[in-house]
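Survey of secondary and tertiary structure
Take a look at the letters that make up each chain.
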Amino acid sequence: MEQPESGAGPAGAGDAAEALDRPLPEGVRRRVVALVSDAFGGLTVTELPAQLRQYARFTPTRRAKYAGNAMAAALEGDPVFRQRIGERLRDSQPELAAALESGTPPAAADPVDVAAAAYVLRPAGWVKLVAAAGEEAQRVDAERADEESRRELERLREELDRLKAQHKAETERLRAELDSARKESDALHRKLRSAQSDVKRAEAAVRRGNAENEGARAEAHAQVSAAESEARRLKARLAEAEAAVEAGRKAAREGRSIEDMRVRLLLDTVLDAASGLRRELALPPASLHPADTVEAVEPGRMTPKDIAARALSETDPAMLDQLLALPQVHLLVDGYNVTKTGYPTMPLEKQRLRLLGGLAMLAAQTGAEITCVFDGAELAAPVLLAPPRGVRVLFSKPGVTADELIRQLVRAEPPGRPVVVVSTDREVADGVAKAGARPVASAMLLKRLSRV
C-alpha cells in the first residue's frame, strides 16, 4: 500500500488547488465514465461507494449505460474512490499516467483520452488539460461538421446537376411526344371530318326511311291499340266473372263447413248430455208410476234445507270438477291472469310452463277440451313453445288483447255447448257470462291443479 499513498499526494494537492469552473465537455465525460466502468471490475464490493455496489455485477457496457451519472458523481465527490480508480488507470495505462504526472502529456495521444486521464489522476494543471481537451473536441467537431457540410453541399450540387440534366432530357422527350401527338391529332381530325360527313349522309337516309315507315307504323299502332283495348276489356270481364264465381264458391264452402261444424258439435253435446242423463237416472221404465211424479217429502230423504247446506262455494275445486264433467265442455283459461294470481314472482316463461303442465294433467284426467290463452300483443318475437298433449295454446295477435281473444272464442261456440272461462278479471267474466259461458275464479283452478 506504500505506492498508492505516495501517488495520492500530488493528486490530492492538485485537487485542492484546482477546480473546474464549467461542466466537463461531453466527450471527456463519456470517456471518464468508460474509464471508471472498466476499472470498476477490479475493485471489491467493500472498496466501492455504497451507491455503486448494486452495479458490481454489471458488465462494463451495461454499467456505463445505467450507472454513468452515479459513477461520475462518486468520482467527483469521493477522493478515496477516485484514488482507487487512478491506481487502476496507472496499471492499465502506465505511460500515459507517467507523462501526465510529469507534466508532459504525449503529443500523439487523443486529447479526449488525455483530459479523461487528467480528470481522474488530478495532476498539477489538470484543469487546463481538461479545458484544452474540451476546446480541441469542439474544434474537431466543428471541423467534422464543416467537412460534412462541404460533402453534403457537393452532393447536393451533383444532385442538382443530375436533376437539371434529367429535366432537360425529359423536356426534350415531352416536346418530341407533343409534336408527334399534334401530327396524330391532325390526322384524327381529318378522319373525324370524313366520318362526320358519312354520318350525316347516313342520318339523312335514315330520316327518309323513317318518314316512309312512319305512316305504316302509325296505322299498325292504331290497329294494335284497338285490339289491345278490346282484349283488356274482355279480360276484365272474364276476371270479374271468375272472381264472382270463386267468391260464391268460397262463401258457400265456408258457410257450409262452419255451420256443419257448429251443428255437429251441438248435436254431439245434446247426445252426450242425453247419454249422461240416461246414465244418471238409470230408472227402469216399468218402475215409474204417476204418483211418483208428485213432489213430497218422504221419510229418510234430504229436505231442501239439507240440500242448501251441501251447496259448494265459489272457490271449491269440486265445483270445477262438476263443470268439467258436463258433456262436450270447453275450458277456456286466461293464462297470465291465473299465473300472476298463483305465482307472480316467477319469470313469464316458467309461469307458462308450470300452468301448461298442470292443464295437461287435468286434460288427461277429465278428457275436456282445454284452451289456454296468453296475451301476445307486446311480444318482440314469437314464443317457441311446444303445446302439451290435450291443451290448445293461443297467443293474441298484435293489437288484440287476450281478453278480446277469449270473448271471440266464446262467441265462436254454438249456443247450448257448455263453456267454462277461468279468469279473475271482472270485465272478462261479465262479458263471457252474457255470451252464455260460465265464469269461474282463477283461485278455483289453482286449487284444483294443486291436487293434480
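If you're wondering where the values come from, they're calculated on a predicted model, not measured in any experiment. (Residues numbered from 1 in each chain as written. Predicted model: local features only at pLDDT ≥ 70, side-chain atom pairs only at ≥ 80, totals over all residues. Heavy atoms only, no water.)

1. Things to note about the overall build of the protein
- Looking only at helices and strands, one finds 15 helices and 5 strands in the protein.
- Counting every position in the protein, which comprises 452 residues, the buried fraction comes to 26%.
- Across the protein, every contact between residues at least 6 apart in sequence was considered, and the portion connecting residues at least 24 apart equals 62%. (Helix = DSSP H or I, 4+ residues; strand = E, 2+ residues; numbered from the N terminus. Buried < 20%, exposed > 50% of the residue type's maximum accessible area, 1.4 Å probe, protein only. Contact = heavy atoms within 4.5 Å.)

2. Focus on the sheet that holds strand β5 (residues 438-440)
- On the basis of which strands lie adjacent, the open sheet formed by 5 strands has the order β3-β2-β1-β4-β5 and parallel pairing. Both outer strands of the open sheet, β3 (391-395) and β5, are each paired with one neighbouring strand and no more. Shown here is a sheet whose adjacent strand axes are inclined to one another by a mean of 20°, direction ignored.
- Against the sheet, helix α12 (residues 348-366) makes contact with β1 (330-334), β2 (369-374) and β3, and its axis sits at roughly 170° relative to β2, the strand it touches most. (Pairing = 2+ DSSP bridges. Axes fitted to C-alpha atoms, helices over the stretch in contact; angles between N-to-C directions.)

3. Side note on helix α13 (residues 402-412)
- Within the sequence span of α13, burial applies to Ala402, Asp403, Leu405, Ile406, Leu409 and Val410. Across the axial projection of α13, the buried residues extend over an arc of 160°, all falling on one side.
- Each element contacted by the buried residues of α13 is listed here: β1, β2, β3, β4 (419-422) and α14 (426-434). (Arc of directions from axis to C-beta.)

4. Describing helix α10 (residues 317-324)
- Of the residues making up α10, those classed as buried are Pro317, Met319, Leu320, Leu323 and Leu324. For α10, the arc enclosing every buried residue in end-on projection is 150°, short of the 170-degree limit, so these residues lie on one face.
- Those residues of α10 that are buried are in contact with β1, α12, β4, β5 and α15 (442-450).
- A side-chain oxygen of the first residue of α10 lies 3.0 Å from the backbone nitrogen of alanine 318; this N-cap is aspartate 316. (Polar contact = N/O pair within 3.5 Å; in protein donor to acceptor, adjacent residues only side chain to side chain.)

5. Regarding the nonpolar core
- Counting 34 residues, the largest nonpolar core has Val32, Leu75, Phe81 and Ile85 as its most contacted members.
- For this core, the secondary-structure elements that each account for two or more residues are α2 (26-40), α4 (68-77), α5 (79-92), α6 (94-101), α7 (111-121) and α8 (126-281).
- Looking at this core element by element, the count peaks at 9 residues for α7.
- If near-sequence neighbours (up to four positions away) are discounted, phenylalanine 81 is found in contact with Val36, Leu43, Glu47, Leu48, Pro49, Leu52, Met71, Ala74 and Leu75.
- In this structure, Leu320, Val338, Leu359 and Ile370 belong to the second largest nonpolar core, which totals 29 residues. (Core = buried A, V, L, I, M, F, W, Y, C linked by side-chain atoms within 4.5 Å.)

6. Focus on unusual backbone geometry
- One non-glycine residue with positive phi stands out, namely glutamine 328, at about 55°.
- Mapped onto the elements, glutamine 328 comes out in the loop between α10 and β1.

7. Some points on the pattern of salt bridges
- With the rule as written, the count across this model stands at 17 salt bridges.
- A salt bridge links arginine 417 to glutamate 369, with the shortest nitrogen-to-oxygen separation between them at 2.5 Å. Of the two residues, arginine 417 is situated in the loop between α13 and β4 and glutamate 369 in strand β2; the sequence distance between them amounts to 48 residues.
- Residue class for arginine 417 comes out buried when judged on its relative accessible area of 7%. (Salt bridge = Lys/Arg side-chain N within 4 Å of Asp/Glu carboxyl O.)

8. So, the packing of helix α11 (residues 335-342) against α15
- Two elements in contact, α11 and α15, have axes whose closest approach is 9 Å; the angle formed by their N-to-C orientations is 70°. Here α11 lies roughly perpendicular to α15, going by the angle between them. Here α11 and α15 pass one another in a crossing that is right-handed. Here α11 contributes Asn337, Val338, Thr341 and Gly342 to the contact with α15, which in turn contributes Ser442, Leu445 and Leu446.
- Per-class residue counts for the contact of α11 with α15 are 3 nonpolar, 4 polar and no charged. (Parallel < 35°, antiparallel > 145°, perpendicular 65-115°, else oblique. Left-handed = near helix turned anticlockwise from the far one by under 90°. Nonpolar A, V, L, I, M, F, W, Y, C, P; charged D, E, K, R; others polar.)

9. Concerning the confidence of the model for the protein
- Put simply, the protein has an average pLDDT of 78, and 81% of its residues get 70 or more.
- Low pLDDT, under 50, characterises residues 1-16; the stretch is placed with 13 contacts to residues that sit more than four places away or in other chains.
- Residue range residues 302-310 is modelled with pLDDT below 50. Its contacts to residues more than four positions away, or to other chains, number 2 contacts. (pLDDT = per-residue confidence, 0-100.)

10. Regarding the environment of glutamate 349
- The residue glutamate 349 is located in helix α12 in this model.
- With 36 residues separating them along the chain, glutamate 349 and leucine 385 place their C-alpha atoms 9.5 Å apart.

11. Concerning the side chain of histidine 330
- Structurally, histidine 330 can be placed in strand β1.
- Side-chain polar atoms of histidine 330 contact the side chain of threonine 371, separated by 2.8 Å.
- Apart from residues no more than four positions distant in its own chain, histidine 330 is found in contact with Glu369, Ile370, Thr371, Arg392, Glu413, Arg417, Pro418, Val419 and Val420.

12. Considering the side chain of threonine 371
- By the element assignment, threonine 371 lies in strand β2.
- Setting aside anything within four residues of it in sequence, one finds threonine 371 in contact with His330, Leu331, Leu332, Val333, Arg392, Leu394 and Leu409.

13. Here's the deal with the pairing of β4
- Of the two faces of β4, the one carrying Val419 and Val421 and the one carrying Val420 and Val422 are both buried.
- Here β1 runs beside β4; their pairing, made up of 4 bridges, is parallel. The residue bridging leucine 331 from the neighbouring strand is valine 420, located in β4.
- The β-α-β motif built from β4, the intervening α14 and the parallel element β5 has right-handed crossover chirality. (Right-handed = clockwise from strand over helix to strand, strands pointing away.)

14. A word on the packing of aromatic side chains
- Counted by the stated rule, this structure contains 2 aromatic pairs.
- Aromatic pair tyrosine 336 and phenylalanine 374: ring centres 5.0 Å apart, planes at 55°, arrangement tilted. Of this pair, tyrosine 336 sits in helix α11 while phenylalanine 374 sits in strand β2, placing them 38 residues apart in sequence.
- Since its relative accessible area comes to 11%, tyrosine 336 is described here as buried.
- Through a chain of ring-to-ring contacts, the aromatic side chains of Tyr336, Phe374 and Phe395 assemble into a single cluster. (Phe/Tyr/Trp six-rings, centres within 6.5 Å; stacked < 30°, edge-to-face > 60°.)

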